[in-house]
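Fold and contact review
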Amino acid sequence: MSTNMEWLRLKKLGQGTYGTVYLAMSTFTEELYFAVKNANLEDSSTLQKEMRIFQKFRGANEVVKCYGCCVSNEGGAMKYNLLLEYAPMGSLLNLMRDCGGRIPESHVRKYTKMLLRGLSCIDNNGHVHCDLKPANILVFPREVDGLSDVQLKIADFGPG
Ligand SMILES: Nc1ncnc2c1ncn2[C@@H]1O[C@H](COP(=O)(O)OP(=O)(O)OP(=O)(O)O)[C@@H](O)[C@H]1O
């Protein structure tokens, strides 16, 4: 699958083993911001595999959304781009650090349920996440009954 969309890279969010992640702004989708995992096309087999895995979990609320992929020409260098839902609150690791490693028990219960739902969806689709850790669980803001809350989503499906 490939997606043709106009987008602008804004800043680097981080560096993984298989690609560099950037914040990007879309002029095409209703989601204004998204994350782009970018690698040289010739070194992108892991990202391409990750894209195929993400497709299996479309619609799952506890897995980071993938909007598609595209190839771009950056000054003559062909790049593969995996387009992902942007997590403005970072990862669960950030959240744990922010509260000094002491997440209230009621939150732990809620987060555990979310992660188990995500893992169940992954399992039901015949896949195993081989690198589940706080840094690979992204945090999204949401509202529940008018109160601010968070939604955890599982990310990073390469190369397992
Ligand atoms: N959708 C996203 N929204 C916001 N930040 C993201 C998103 N995806 C990845 N990042 C951030 O980008 C950085 C690199 O992520 P990536 O998943 O490529 O690698 P990693 O998990 O850090 O390392 P590795 O893939 O080597 O295990 C991390 O800091 C991660 O939190």
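In the nomenclature of an unreviewed UniProt entry, the chain is known as Protein kinase domain-containing protein of Salix udensis.

Another point: the overall build of the chain. When its secondary structure is counted, the chain shows three helices and seven strands. The order of α-helices and β-strands along the chain, N terminus first, is β-β-β-α-β-β-α-α-β-β. C-alpha extents for the chain along the principal axes are approximately 50 × 35 × 25 Å. Looking at the chain as a whole, 26% of its 160 residues qualify as buried.

Right, let's talk about helix α1 (residues 45–56) for a bit. Along its 12 residues, α1 runs 17 Å from first to last C-alpha, staying within 8% of the 16 Å computed at 1.5 Å per residue. For α1, the full list of buried residues reads Leu47, Glu50, Met51 and Phe54. Looking straight down α1, one finds that the buried residues subtend no more than 105° of arc, so they occupy a single side. Contacts from the buried residues of α1 go to β3 (33–40), β4 (66–74) and β5 (77–85).

Here the chain is described as being made up of domain 1 (7–85) and domain 2 (92–154). Here the C-alpha centre of domain 2 lies 21 Å away from the C-alpha centre of domain 1. Listed per partner, the contact involves eight residues of domain 1 and 13 residues of domain 2. Within the side of domain 1 that touches domain 2, the residues separate by chemical class into five nonpolar, one polar and two charged.

Now for the pairing of strand β1 (residues 7–15). As paired elements, β1 and strand β2 (residues 20–26) share seven bridges and run antiparallel to each other. If you follow Gly14 over to β2, its bridge partner there is Val21. Connecting β1 to the next strand, β2, in antiparallel fashion are four residues.

On to the site of the ligand. In the vicinity of the ligand lie 22 residues, with Gly14, Gly16, Thr17, Val21 and Ala35 positioned nearest. For the shell around the ligand, the secondary structure elements donating two or more residues are β1, β3 and β5. The biggest single contributor to the shell around the ligand is β1, with three residues. Mapping the shell around the ligand onto the domain boundaries places at least three of its residues in each of domain 1 (7–85) and domain 2 (92–154).

Ordered by their spatial adjacency, five strands build an open sheet running β1-β2-β3-β5-β4, and the pairing between neighbours is antiparallel. Of all strands in the sheet, those bounded by a partner on one side alone are β1 and β4. Taking each pair of neighbouring strands and ignoring which way they run, the sheet shows an average axis angle of 30°. Relative to β5, β3 runs antiparallel, the two sharing seven bridges. Residue pairing across strands places Asn40 opposite Lys79, the latter belonging to β5. Across the sheet, α1 lies against β3, β4 and β5, angled at about 25° from β5, the strand it touches most.

Okay, the UniProt feature "binding site: ATP" (unreviewed entry) in the chain next. Cross-referencing UniProt, the feature "binding site: ATP" (unreviewed entry) maps to Lys37 in the present numbering. On the secondary structure map, Lys37 appears in strand β3. Using a count of 27 C-beta atoms within 10 Å as the deciding quantity, one classes Lys37 as buried. Leave out the neighbours within four places in its chain, and Lys37 touches Gly19, Val21, Leu47, Leu82 and Leu84.

Reading guide: rules and limits
Residues numbered from 1 in each chain as written. Predicted model: local features only at pLDDT ≥ 70, side-chain atom pairs only at ≥ 80, totals over all residues. Helix = DSSP H or I, 4+ residues; strand = E, 2+ residues; numbered from the N terminus. Buried ≥ 20, exposed ≤ 12 C-beta atoms within 10 Å, placed from the backbone. Expected span 1.5 Å × (residues − 1). Arc of directions from axis to C-beta. Contact = placed C-beta atoms within 7 Å. Domains from an automatic or database assignment. Nonpolar A, V, L, I, M, F, W, Y, C, P; charged D, E, K, R; others polar. Pairing = 2+ DSSP bridges. Near = placed C-beta within 6 Å. Axes fitted to C-alpha atoms, helices over the stretch in contact; angles between N-to-C directions. UniProt positions renumbered as here; feature names shortened; annotations may be inferred.

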